[in-house]
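These are the residues of each chain, in order.
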Amino acid sequence: MSRVAHDLAICLDTLQYESRISFKLWSPDHDIIIGIGTSYDLQGKGGVGIINFFQGKNIFITGGTGLLGKALVEKLLRLTPVGKIYILVKADDHETAIDRITKELINSELFKCLQEKHGKYYQEFMAKNLVPVIGNITEPNLGMDPDSAHAIMKDVNVIIESAANTNINERYDVSLKTNVNGPQRIMSFAKACKSLELLVYISTAYVNGEREGIFLENPLTMGENRRKDPSPFPRVDVSDEVNLASRSGTTSTGFDGNKYMRKLGMERANFYGWHNTYQITKAMGEMVINKTRGDMPVVIIRPTIIESCYKGPVPGWIQGNRVFDPLICSFGKGQLPAFLCKPDTPIDIIPLDMVVNATIAAMAKHGYKHMPELNIYQIATSVLNPVRISDMFDYTCEYFRSRPLIESESSSRISYYDNLAPVKYFDNFDDLSKYTRDEIYRRFGSMRNVEAHKLQKQCKAKIMYAENLCKIYEFAGFLKA
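Here goes a summary of the coordinates provided. What you see is a predicted model; the values in this text were computed from it and never measured. (Residues numbered from 1 in each chain as written. Predicted model: local features only at pLDDT ≥ 70, side-chain atom pairs only at ≥ 80, totals over all residues. Heavy atoms only, no water.)

## Let's talk about the overall build of the chain
Note the cut-off: Every helix listed is a DSSP run of H or I at least four residues long, and every strand listed is a run of E at least two residues long, numbered separately from the N terminus. Note on classification: 1.4 Å probe, protein chains only; a residue is buried when its accessible area is under 20% of the maximum for its type, exposed when over 50%, partly exposed between these limits. The criterion used for residue contact is that any of the two residues' heavy atoms lie within 4.5 Å. Surface accessibility in these figures is a Shrake-Rupley result with a 1.4 Å probe; residues are shielded only by whichever protein chains are displayed.
Each helix and strand in the chain was counted, giving 17 helices and 15 strands. Within the span of the chain, comprising 481 residues, buried residues form 54% of the whole. Put simply, 78% of the contacts in the chain that link residues at least 6 apart link residues at least 24 apart. Taken as a whole, the chain presents about 21,700 Å² of accessible surface, with 50% of it coming from carbon and sulfur.

What follows is the structure, given as structure tokens:
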């Protein structure tokens, strides 16, 4: 993790918790409020009995090398007496699968507390409890060989479906394959597991689409849209959408084809009341889970925007570029002079470790009950103590003024001007576009030792990138949910 990503992650999370952000878990029957000072007994005395529930339980997790999946694996191994954790990984052979698990989990900075806990026995502990399984959620039988599939079907007690394509502007066919077909295959596999007590599906709070205000987190039923106008029409037909994307994807290849399929996903999302391809496909994934679950106990976790760890196991730890990272980094480079939003709009950021804690607590609670029901938890911050868009940019500006971005190899500053100006806010794209164009040319249009035509080309590319970022994130800039 880069210095900038680590420091900024801590800064943004500290900003939330200095203002005493807590998060709210919505469930169909009641609300649970967990704040900073909240404590509970892991053994079950006055709590949900997390330790007791996970004693000897075998877990099967998809997406275990991703941000949330990896953090769940770490905490389950560090603080609960789980049995084996089977992790589905894409790999050509067993050796490659072990190599992936070793590099991406066992040797990860995130696992340093677990390593310190077990010392010289760490590798032995991990080899005993962590089982890589070659597979792919988009393939029949999850892409597993028969022996692995049968072993898991016999042993597993809890399934965590954390695999997802989180690209908000992905090709429609690609996103559907992972976020809709994947849950369908997971559910088919889960029904064959003899000792299964609970299925956990990691979704997103943004499956609620354009709907605004505060409302209970009820299950999405097959066919319902999420337009602001609560009309039942048009109805979402998941099969039709999959077939449409499949037909279109077959004839759409190369750069233009990719562009068309991304545009198709955004168009279908907007038509039915979602802001982007990720949101609509995750919503359809929930619909599939709800329709096909039968009497299986299911918990759906709907976090908002997951960012870095607040406290543990490693404060500030994060993996990859998360939702707001492109905005933060572009601003730090001086390439995002303006943003399309209402500056007082809340942005709902939730630290990774808080999502992990809530997920584990929900698993224990409903795993104990053995009830054939669907429970939904939304993990969010904006209702109780919102952080506004203007807060994020103000704090980011303060950070980069004291710690400008630096090229790691040359140790030279990335930004080409000395005074990083605060971002300017616009509520319409035309005004934003004009200001962005003028400001980019002012900042980068007179660089020394750069040919004029090359400079012109660079400035145009920066303008286009900034405008595209604003379009992609426009939904967050005006969302009143």
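## Quick look at the pattern of salt bridges
Applicable threshold: Definition used for salt bridges: Asp or Glu carboxyl oxygen within 4 Å of a side-chain nitrogen of Lys or Arg.
Within this structure, the stated rule accounts for 14 salt bridges. Note that Lys-103 and Asp-99 form a salt bridge whose closest N and O atoms lie 3.4 Å from each other. Here Lys-103 pairs with Asp-99, and both are found in helix H4 (residues 94-106), just 4 residues apart, close to one helical turn. Measuring nitrogen to oxygen at the nearest pair gives 2.7 Å for the salt bridge that ties Glu-224 to Arg-226.

## Observations regarding the pairing of strand E4 (residues 85-89)
Under the convention used in this document: Pairing between two strands requires that DSSP report at least two bridges joining them. For crossovers, right-handed means that the path from the first strand over the helix to the second runs clockwise, given strands pointing away from the viewer.
Most of E4 sits inside the fold, with 5 of its 5 residues counted as buried. A two-sided burial pattern is seen for E4, the buried positions comprising Ile-85, Ile-87 and Val-89 on one face and Tyr-86 and Leu-88 on the other. Pairing of strand E3 (residues 59-62) with E4, which is carried by 4 bridges, proceeds in the parallel orientation. Counterpart to Ile-61 in the pairing with E4 is Ile-87. A crossover links E3 with its parallel partner E4, the connecting element being helix H3 (residues 67-79), and its sense is right-handed. Summarising the sheet, E4 and strand E5 (residues 130-134) pair through 5 bridges and their orientation is parallel. Each residue of the ladder has a partner; that of Ile-87, found in E5, is Pro-132.

## As for H4
Given 3.6 residues per turn, any residue in an α-helix points the same way as the ones three and four places further on. Here is the rule: Along the arc lie the directions from the helix axis toward the C-beta atoms. As used in this structure description, the phrase polar contact means that two N or O atoms lie within 3.5 Å; if the pair is within protein, one of them must be able to donate a hydrogen and the other to accept it, and residues adjacent in sequence are counted only when both atoms belong to side chains.
Ala-97, Ile-101, Leu-105 and Ile-106 are the residues of H4 that are buried. For H4, the arc enclosing every buried residue in end-on projection is 95°, short of the 170-degree limit, so these residues lie on one face. In H4, those exposed residues whose orientation departs by more than 90 degrees from the buried face are Glu-95 and Lys-103. In this structure, the buried residues of H4 make contact with H3, E4, helix H6 (122-129) and E5. The backbone nitrogen of Glu-95 has a side-chain oxygen 3.3 Å away, supplied by the residue at the start of H4, namely Asp-93.

## A look at the packing of helix H8 (residues 172-190) against helix H11 (residues 277-292)
Inclusion rule: For every element, the axis is a line fit to its C-alpha atoms; helices are fit only across the contacting stretch, and the angle between N-to-C directions ranges from 0 to 180 degrees. Under this scheme an angle from 65 to 115 degrees is roughly perpendicular, one under 35 degrees roughly parallel, and one over 145 degrees roughly antiparallel; angles in between are oblique. The crossing is said to be left-handed when, going from far helix to near helix, the turn is anticlockwise and less than a right angle, and right-handed when the turn is clockwise.
Viewed as axis vectors pointing N to C, H8 and H11 meet at an angle of 20°, and their least axial separation amounts to 9 Å. As the angle between them shows, H8 and H11 are arranged roughly parallel. When the axes of H8 and H11 are compared, the crossing they make is right-handed. Judged by residue contacts, Tyr-172, Ser-175, Leu-176, Asn-179, Val-180, Pro-183, Gln-184 and Met-187 of H8 engage Thr-277, Tyr-278, Ile-280, Thr-281, Lys-282, Met-284, Gly-285, Val-288, Ile-289 and Thr-292 from H11.

By themselves, these observations are geometric and do not establish any function.
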